[in-house]
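Reading the structure
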Amino acid sequence: MPEIAAIKGILFDKDGTLVDFNRTWFEIIMALARKASSGDESLARTLVQQGGYDWGVKRFISGSVVAAGTVEDLVDLWHPALSQTERRSRIAQYDRFAVEEGSGQAAPIEGLHATLQHLVDQGFVLGIATNDSEAGARATATALGLDDLFTAIIGYDSVARAKPYADQLHLFAAKTGLLPAQIAMVGDNPHDLEMAHAAGAGVAIGVLSGNSSREELAELSDVILGSIAELPALLMKA
């Protein structure tokens, strides 16, 4: 077990960790798919399935493009024949839609604000690292009344390389003056934890509040929790 007592900062994934992924994103992705298919409902459902939605269990699959990728990945999946100019335009359109709708439909994980406030009161520096855009993450934080609790909010477009690369955690370290070994990374998808290891984070904490099973997170996690609500108790024991 890593030395949890050395942790001074906590970097959170957003979707599936701070907000309920499927409640927040299903309708948004479905709406984008309907736009992409020009209203063809059958094609829209196929596009959503390609993005990683399992219609049988009614959730996005761990590691899928929607669950783990960026809007750039989604555009490339759904619109592979676009020119570079068209691709940039479509990415910008999707990003704007995600910012507006993602913040408006964000469904917080149970006990979210109280948990984060407790961690701040314990002296931890908090941040968000998401494969959503930085603007989208900031809009969600504002909509949920969390702005004052985060020292840094980092999106896929804040760095050269999104998760699972180390860039977002290293940027959080640079913004806070912490060493990577003093930072705990908390996320619900394998790519969150892969980033933690790539960046040399002190602790990689998996949570089961998103789209991944315990088995999918086990090999990459130092600790697995039901949700972030269990974090204050874990860190108080350190």
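Up top is the structure.
Note that the structure is predicted; figures quoted are calculated from it, not measured.

1. Quick notes on the sheet that holds strand β1 (residues 9-12)
- Taken together, 6 strands build an open sheet; the order of strands is β5-β4-β1-β6-β7-β8 and the sheet is parallel. Unpaired on one side and paired on the other, β5 (152-154) and β8 (223-225) mark the two borders of the sheet. Adjacent strand axes in the sheet meet at a mean angle of 20° when their direction is disregarded.
- Running over the sheet, helix α9 (residues 190-199) touches β1, β4 (125-129), β6 (183-187) and β7 (203-207) and is turned about 165° from β6.

2. Points about the pairing of β1
- Along β1, one buried face is formed by G9 and L11 and the opposite face, lined by I10 and F12, is buried too.
- In this structure, β1 lies alongside β4, joined through 4 bridges in parallel fashion. In the strand pairing of β4, I10 is matched with L126.
- The pairing of β1 with β6 spans 4 bridges and is classified as parallel.

Conventions adopted
- Residues numbered from 1 in each chain as written.
- Predicted model: local features only at pLDDT ≥ 70, side-chain atom pairs only at ≥ 80, totals over all residues.
- Heavy atoms only, no water.
- Pairing = 2+ DSSP bridges.
- Helix = DSSP H or I, 4+ residues; strand = E, 2+ residues; numbered from the N terminus.
- Axes fitted to C-alpha atoms, helices over the stretch in contact; angles between N-to-C directions.
- Contact = heavy atoms within 4.5 Å.
- Buried < 20%, exposed > 50% of the residue type's maximum accessible area, 1.4 Å probe, protein only.

Shape descriptors only; they carry no functional weight alone.
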